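Tertiary structure, described
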Amino acid sequence: MLALLTSNYLINVGLLAWIAAQVSKTILHFLMTGKWVFERMFGAGGMPSSHSALVCSITIGMVRKVGFDSPGFALALTLAAIVMYDAMGVRRAAGEHAKVINKLVFGFQFLDLVQPAEEEKEDERLIGPDQEKLKEYLGHTPFEVLGGALLGILIAMIVPVK
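Residues numbered from 1 in each chain as written. Predicted model: local features only at pLDDT ≥ 70, side-chain atom pairs only at ≥ 80, totals over all residues. Heavy atoms only, no water.

So, the side chain of Gln22
What counts, and what does not: The numbering of helices and of strands both runs from the N terminus, where a helix is a DSSP run of H or I of at least 4 residues and a strand a run of E of at least 2. Here the term buried applies to any residue with accessible area under 20% of the maximum for its type, exposed to any over 50%, and partly exposed to those in between, with areas from a 1.4 Å probe on protein chains only.
Mapped onto the elements, Gln22 comes out in helix α2 (residues 9-33). Judged by its relative accessible area of 1%, Gln22 falls in the buried class.

Written out as structure tokens, the structure is:
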């Protein structure tokens, strides 16, 4: 089964591009912050976009394997455009919203500005000690998407077509 999966050129370039992007993202985060954050190895967001690297490597791999005029290339290109648009749009906006919500929720948590009514004090929906912050790394800037796209294209161009 493993031999069957690894014999697929498109899966190989896609997986290689994703791994390269995640490793790069983790190293770049360390260089910028001085902290190893293992979550960066598997988490979304950051530079370069692993989603963009994956879909662009498969798109270029499809061109190299079956040509520009194939239905497979049209499908891969469409998927790549949707994924990259979503990363810069909806997912990025969700991450920005999470930052604001975290500031509101956890900023006010330590201030005595908001006192809940007596009946709300027992409400489990209020912030408790085990309340987790929302994930803020969800989407990408256009530069991060471009970085992932270029990495994916490079990998698909380097890996020989089977």
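So, the packing of helix α3 (residues 50-66) against helix α4 (residues 71-88)
Here is the rule: Note on method: axes are straight lines fitted to C-alpha atoms, helices fitted across the in-contact stretch only, with angles between N-to-C directions ranging 0 to 180 degrees. Between 65 and 115 degrees an angle is taken as roughly perpendicular, under 35 as roughly parallel, over 145 as roughly antiparallel, and anywhere else as oblique. Two helices crossing with the near one rotated counterclockwise from the far one by less than a right angle form a left-handed crossing, whereas a clockwise rotation gives a right-handed crossing. Residues count as neighbours in contact if any of their non-hydrogen atoms are within 4.5 Å of one another. For this classification, Asp, Glu, Lys and Arg are treated as charged, while Ala, Val, Leu, Ile, Met, Phe, Trp, Tyr, Cys and Pro are nonpolar and the rest, including Gly, are polar.
It is the contact of α3 with α4, at a shortest axis distance of 9 Å, that shows an interaxial angle of 165°. With respect to their mutual orientation, α3 and α4 come out roughly antiparallel. For the pair α3 and α4, the crossing hand works out as left-handed. Listed contacts from α4 to His51, Ser52, Val55, Cys56, Thr59, Met62 and Val63 of α3 are Gly72, Phe73, Ala76, Leu77, Leu79, Ala80, Val83 and Met84. Class assignment of the residues belonging to the contact of α3 with α4 gives a composition of 11 nonpolar, four polar and no charged.

Here we look at the packing of aromatic side chains
The test is simple: Two aromatic rings from Phe, Tyr or Trp, using only the six-membered ring of Trp, form a pair when their centres are within 6.5 Å; if the ring planes differ by under 30 degrees the pair is stacked, by over 60 it is edge-to-face, and anything between is tilted.
In total, this model carries two aromatic pairs according to the counting rule given. Between Phe30 and Trp36, the ring centres sit 4.4 Å apart and the planes meet at 10°, which makes this aromatic pair stacked. The exposed category is assigned to Trp36, whose relative accessible area is 59%. Look at Phe68 and Phe73: their rings are 5.3 Å apart centre to centre, the planes differ by 80°, and that puts the pair in the edge-to-face class. Accessibility expressed as a relative area gives 13% for Phe73, which makes it buried.

Considerations on α2
Side chains three or four residues apart in an α-helix point the same way, a direct result of the helix having 3.6 residues per turn. Counted only if it meets this: Any helix carries an expected span of 1.5 Å times its number of residues minus one. For the purposes of these results, a polar contact is taken to be a pair of N or O atoms within 3.5 Å, where, inside protein, one atom must be able to donate a hydrogen and its partner to accept one; residues adjacent in sequence count only when each atom of the pair is a side-chain atom.
For α2, which comprises 25 residues, the first-to-last C-alpha distance of 36 Å matches the rise-based estimate of 36 Å (1.5 Å per residue) to within 8%. Regarding α2, its N-cap is Asn8, as a side-chain oxygen of that residue lies 2.9 Å from the backbone nitrogen of Leu10 further along.

Quick look at the nonpolar core
Stated precisely, the cut-off is as follows: Throughout this description, the term nonpolar core refers to a set of buried Ala, Val, Leu, Ile, Met, Phe, Trp, Tyr and Cys residues connected via side-chain atoms within 4.5 Å.
In terms of nonpolar packing, the biggest core is built from 14 residues, with Tyr9, Ala53, Met62, Leu151, Ile155 and Val159 touching the most fellow members. Among the elements that take part in this core, α2 stands out by supplying five residues, more than any other. Contact partners of Ile155, with chain neighbours within four places excluded, come to Val13, Leu16, Ala17 and Ala20. With eight residues, the next largest nonpolar core counts Val55, Ala80, Val83 and Met84 among its residues.

Comments concerning helix α7 (residues 142-158)
Over its 17 residues, α7 extends 24 Å from the first C-alpha to the last, a length consistent with the 24 Å expected when each residue adds 1.5 Å. Those residues of α7 that sit buried are Glu144, Val145, Gly147, Gly148, Ala149, Leu151, Gly152, Ile155 and Ala156. Residues of α7 that are buried make contact with α2, α3 and α4.

Remarks on the environment of Lys65
Relative to the elements of secondary structure, Lys65 occurs in helix α3. For Lys65, a relative accessible area of 40% corresponds to the partly exposed category. Through-space distance from the C-alpha of Lys65 to that of Val161 is 6.6 Å; in sequence the pair is 96 residues apart. When neighbours within four sequence positions are excluded, Lys65 is seen to be in contact with Tyr9, Val161 and Lys162.

Honestly, it's all geometry; don't read function into it.
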